[in-house]
Amino acid sequence: MTVELAHYALILALFLAGIRGYVGLRPGPGTQPVIQALVGSDFFLTTLSFLGLMVAFALSDFSALDVIINSHTAKPLIYKITALWSHHEGSLLLWVWLLSSLTFAFSRVALPWDVQGRALGFLGLLQVGFVFFILVTSNPFLRTFEAPLEGLGLNPLLQDPGLAFHPPILYLGYVGVAVPFALVLSLLVAYEPRRPLDAWLRPWVLISWGALTLGITMGSWWAYYVLGWGGWWFWDPVENVALMPWLALTALLHALRAHAQDGALERWIYLLVIIAFLLSLVGTFLVRSGVLTSVHSFASAPSRGLGILGLFAVYGGLGLNLFARAPLVSPPSVVPLSRTGLLAAHNIFLMLALSIVFFGTLYPLLVQTFGGGSLTVGAPYFNVTLIPLSLPLVFLMALGGRLSPGNRDVAPLAWSLAWAGLVSFGLVALFFYKNKGGPVLALVGLGAGSVGFLAIAQDLMGGIRQPKPLPWWGMHTAHLGFCVLILGMALQVLLGHERDLVLGPNITAQAGPYTLKLQGERDVLADNYYAQEVRIDLSDGSHTWTLAPQKRTYIAPQMTLSQTAMHSNGGQILYLALGDRLAEPGQWIVRFYHHPFVPFVWYGGFLMALSALLGLIHWIRRRPCA
Amino acid sequence: MKPKHRRALGLAALVLSLSISVGLVLYAFRDNMIFFYSPTQVTETPPPPGKIIRIGGMVEKGSVHRKGAQMTFVVTDFKNTLTISYGGVVPDLFQEGTGVVAQGTLTTPTHLEAKTLLAKHDEKYMPPEVARTLSDQKP
């Protein structure tokens, strides 16, 4: 019953969104109450639909096909609920619900009605496209009338607190770009030069960018501790596909500042928003259709991939068409050595990074389509091309942070960074000497990260003495986060080590300063798995920790997975993963990682997400009352 | 410095850094294209020697042998087979009778020394390339 209600609510929402799309395209003053009512009811209906599916999962309603395929009574309740977005159909419903919620939030902000009404209309058209796609190709509400007593269960890799909440946050990031996109479409239809783009777009870009930052960081952390390979980024297509809109949105955030100051980069901003939205659609397409081999992808029917490609063509065509037809005026030209000039240069470098990632991710797809066989682009491609870019970016960041608007006197500020440059150079030379050459890329990252970190730390100290506005703190937090991330990456490579060891009853292994001794084994039984647990004593001479990695066999579906065991003091991670049990009794292969500074990678990500929050707080305080 | 000269210098710096970037991209790309082969493709169109490649297929039942940390097994696409040896920690989803992708270099035309094994965690335990080559086999 709940499932049918949810299904009908969604269908009704489709029609209401269609009406909203139609009315919104001609937003006279009389249409405001109508459209607002449509937005409100759309939000109500999609929430009803979303909750209905959630209830079906929570109660293990196996008359719904979706619940059968993705759930099992033995699962803990929280994972029954999060199973809703663990698969294709449910996650699309989440997408639609997020779109509806953001639309509702957007309708509460005060904007000139002709702009806002039309934007709400475009958002209605987006809603129509996605709900139609769901109902036709990926309906989560399909029923079966011989309801089985048990479901097929959920992939145990997804039964994890980190991953349970990763999709909604990441989706907020993807869907969040829809609001700026709809606004831009609306502004292109009724184009006037020098609209307050920064004021109007900024909060939505911040929500989207912040959510993507948080989602990507959480995904990276999850991959590190669950997948058992001690890596936090694999340049896997699914990761890249989240990174690309993130790069576009970062560029957008900076370009909007330039526009707020001088009205510069206006045409570029309009185009960039369209690009960012199309990239988030590409992300959806690549994740959904299983086209590329990747660490995780939902296997899926080609009709879905084609459907999303169709949506991409429609919205992309619409956006680019409106962009081409709008009578865009040439914005003032950019003076190279000014704040605006630095921001423009930043955009150029980020677009370069974006093109590199785009090319590396999509080239295999192109080759495959034209029959050239199947190929993968290895991680070194991305590392070699992108890490050197951190040098100019950090320089721009350090300089830009010190340059106040209108100040053209860049030279003395550049000199003020000299001390940071010297210290960093010394640090790099030290590691180069210590490692007898050392991995070049990590050294580059170290140099860039430390220059930025030192410069920003200096600025922050100054900021503590004199009062600074919240946006200033936000900017420096984000930049600091980026430098902390690069430092974490570089130091982990330069200082860490990884070993595969054989441990047994009489075998003690040594890895650097660490000694590992096998203490014992036991069997563990839980809700939906049974496991063999191996207790290992890890000692560095002064302290000993007992870590207990496991090999779990899940019941539904039948799958064996390793559960890693870690010890961290906040600044480094010691990591153990069980390999195979060997033929000799009591002997195991164990993978040991010593990763100093790796948590900095995620601290950096969290700092950047925090800066988005600071920016939003600033906007909320200062926004015009509705 | 005159504004005109300054602009020229700025432009030159930009062009230089972009060229270096593009150069790095092309260089890195050439060495990092890893092609996928099925066992049949390895015999029919052998890959250039010494290059890292990926080979995929079904793990033949009964072919997995472990000795200490080393493991050898046979992949098949039901027309040809290839032996693979691997010395690292085996991914949990690796099983006889399911699909696997191995990345490494060929030591002989029928043996691959693998550095990485990929077994996908997806409802259907078969990487798309393997599924595609297997379906291409069916007459």
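## What to know about the overall build of chain A
Thinking step 1. Regarding its fold elements, chain A presents 21 helices and 11 strands.
Thinking step 2. Taken over the C-alpha trace, chain A has a radius of gyration of 26 Å; the compact-globule value for 626 residues is 25 Å, and the two agree within 12%.
Thinking step 3. Projected onto its principal axes, the C-alpha coordinates of chain A cover approximately 85 × 75 × 55 Å.
Thinking step 4. Counting all 626 residues of chain A, 60% fall into the buried class.
Thinking step 5. Within chain A, residue pairs in contact and separated by at least 24 positions form 73% of the contacts whose partners lie at least 6 positions apart.
Thinking step 6. Here chain A has roughly 24,300 Å² of accessible surface; of this, 69% comes from carbon and sulfur atoms.
Thinking step 7. With 33 positive and 27 negative side-chain charges, chain A shows a separation of 11 Å between the mean positions of the two kinds.

## Considering the packing of helix α15 (residues 379-386) of chain A against helix α1 (residues 3-31) of chain B
Thinking step 1. For the pair α15(A) and α1(B), the least separation of the axes is 8 Å and the interaxial angle reads 165°. Judged by the angle between their axes, α15(A) and α1(B) are roughly antiparallel. Classified by chirality, the crossing of α1(B) by α15(A) is right-handed. Between α15(A), through A:Tyr381, A:Val384 and A:Thr385, and α1(B), the contact on the second element is made entirely by B:Leu24, B:Val25, B:Ala28 and B:Phe29.
Thinking step 2. Partitioning the contact of α15(A) with α1(B) into residue classes produces 6 nonpolar, 1 polar and no charged.

## Observations concerning the pairing of strand β5 (residues 81-86) of chain B
In summary, the side chains of a regular strand alternate between the two faces of the sheet.
Residue and element names in this part refer to chain B.
Thinking step 1. Pairing analysis gives 6 bridges linking strand β4 (residues 70-76) to β5, with the strands arranged antiparallel. Counterpart to phenylalanine 73 in the pairing with β5 is isoleucine 84.
Thinking step 2. The hairpin turn running from β4 into β5, its antiparallel successor, is 4 residues long, and phenylalanine 78 in that turn takes a positive phi close to 65°.
Thinking step 3. Strand direction decides the pairing type here: β5 and strand β7 (residues 111-118), joined by 4 bridges, are parallel. Paired with tyrosine 86 across the strands is alanine 114, a residue of β7.

## Some words on the nonpolar core
Thinking step 1. Membership of the largest hydrophobic core comes to 177 residues, with the highest contact counts inside it found for A:Phe106, A:Leu123 and A:Leu201.
Thinking step 2. Setting aside residues up to four positions removed in sequence, A:Phe106 forms contacts with A:Leu111, A:Gln116, A:Ala119, A:Leu120, A:Leu123, A:Val179, A:Leu183 and A:Trp204.

## Some details on the sheet that holds strand β11 (residues 588-596) of chain A
All names here are of chain A.
Thinking step 1. Spatial strand order, β2-β11-β10-β9: 4 strands in an open sheet with antiparallel pairing. Looking at the sheet topology across the chains shown, the edges are occupied by β2 (497-503) and β9 (565-568). Between one strand and the next, the sheet's axes are offset by a mean angle of 20°, whatever the strand orientation.
Thinking step 2. Inspection of the sheet shows β2 paired to β11 by 7 bridges, in the antiparallel sense.

## Considering α15(A)
Thinking step 1. Those residues of α15(A) not exposed but buried are A:Tyr381, A:Phe382, A:Val384, A:Thr385 and A:Leu386.
Thinking step 2. Lining the buried residues of α15(A) we find α11 (237-262), α14 (339-369), β1 (374-377), α16 (390-402) and α19 (440-465) of chain A together with α1 of chain B.

## A closer look at helix α8 (residues 166-176) of chain A
One turn of the α-helix equals 3.6 residues, which is why residues spaced by three or four share an orientation.
Thinking step 1. The buried fraction of α8(A) amounts to 9 of the 11 residues, a majority that puts the element mostly inside the structure.
Thinking step 2. Among the residues making up α8(A), those that are buried are A:His166, A:Pro167, A:Pro168, A:Leu170, A:Tyr171, A:Gly173, A:Tyr174, A:Val175 and A:Gly176.

## A look at the pattern of salt bridges
Residues and elements named next belong to chain A.
Thinking step 1. Within the structure shown, the criterion is met by 9 salt bridges over all chains.
Thinking step 2. Glutamate 4 serves as the salt-bridge partner of arginine 143, at 2.6 Å between the closest nitrogen and oxygen. Here the residue arginine 143 occupies a position in the loop between α6 (113-137) and α7 (161-164), and glutamate 4 occupies one in helix α1 (residues 2-24), the gap between them amounting to 139 residues.
Thinking step 3. A residue is classified by how much of its surface remains accessible, and arginine 143, at 24% relative accessible area, is partly exposed.
Thinking step 4. On the basis of relative accessibility, which here comes to 21%, the residue glutamate 4 falls in the partly exposed class.
Thinking step 5. Residue aspartate 459 pairs with arginine 402 through a salt bridge whose shortest N-O separation is 3.0 Å. In this pair, aspartate 459 is assigned in helix α19 and arginine 402 in helix α16, connecting sequence segments 57 residues apart.
Thinking step 6. Three or more residues joined by partner-sharing salt bridges are found here, namely Asp198, Arg202 and Arg257.

## Looking at the packing of aromatic side chains
All names here are of chain A.
Thinking step 1. This model, assessed by the stated rule, comprises 25 aromatic pairs over all chains.
Thinking step 2. Ring geometry for tyrosine 575 versus tyrosine 593: centroids 4.9 Å apart, planes at 55°, classification tilted. Placement of the pair is tyrosine 575 in strand β10 (residues 572-581) and tyrosine 593 in strand β11, with a sequence separation of 18 residues. Here the two residues tyrosine 575 and tyrosine 593 agree in accessibility, since each one is buried.
Thinking step 3. Here a set of aromatic residues connected by ring pairs shows up, and it is made of Trp221, Tyr224, Tyr225, Tyr575, Tyr593 and Trp602.

## A short note on the side chain of A:Arg552
Residue and element names in this part refer to chain A.
Thinking step 1. Position of arginine 552 among the secondary structure elements: in strand β7 (residues 550-554).
Thinking step 2. Exposure remark for arginine 552: the relative accessible area of 13% places this residue in the buried category.
Thinking step 3. In this structure the side chain of arginine 552 is engaged in a polar contact, spanning 3.2 Å, whose partner is the side chain of tyrosine 529.
Thinking step 4. Within the local environment of arginine 552, its side chain forms a polar contact with the side chain of tyrosine 554, the two groups lying 3.1 Å apart.
Thinking step 5. Excluding residues within four positions of it along the chain, arginine 552 makes contact with Tyr529, Tyr530, Ala531, Met559, Thr560, Leu561 and Gln563.

## Re the confidence of the model for chain A
Thinking step 1. Per-residue pLDDT for chain A averages 88, and the proportion of residues at 70 or more is 96%.
Thinking step 2. Segment residues 291-299 of chain A: pLDDT under 50, and 34 contacts once partners within four positions in sequence are set aside and those in other chains are kept.

Conventions we followed
- Residues numbered from 1 in each chain as written.
- Chains lettered and ligands numbered in written order.
- Predicted model: local features only at pLDDT ≥ 70, side-chain atom pairs only at ≥ 80, totals over all residues.
- Heavy atoms only, no water.
- Helix = DSSP H or I, 4+ residues; strand = E, 2+ residues; numbered from the N terminus.
- Rg over C-alpha atoms; globule rule 2.2 N^0.38 Å.
- Buried < 20%, exposed > 50% of the residue type's maximum accessible area, 1.4 Å probe, protein only.
- Contact = heavy atoms within 4.5 Å.
- Areas by Shrake-Rupley, 256 points an atom, 1.4 Å probe, with all protein chains shown as cover.
- Lys, Arg positive; Asp, Glu negative; His and termini not counted.
- Charge placed at Lys NZ, Arg CZ, Asp CG, Glu CD.
- Axes fitted to C-alpha atoms, helices over the stretch in contact; angles between N-to-C directions.
- Parallel < 35°, antiparallel > 145°, perpendicular 65-115°, else oblique.
- Left-handed = near helix turned anticlockwise from the far one by under 90°.
- Nonpolar A, V, L, I, M, F, W, Y, C, P; charged D, E, K, R; others polar.
- Pairing = 2+ DSSP bridges.
- Core = buried A, V, L, I, M, F, W, Y, C linked by side-chain atoms within 4.5 Å.
- Salt bridge = Lys/Arg side-chain N within 4 Å of Asp/Glu carboxyl O.
- Phe/Tyr/Trp six-rings, centres within 6.5 Å; stacked < 30°, edge-to-face > 60°.
- Polar contact = N/O pair within 3.5 Å; in protein donor to acceptor, adjacent residues only side chain to side chain.
- pLDDT = per-residue confidence, 0-100.

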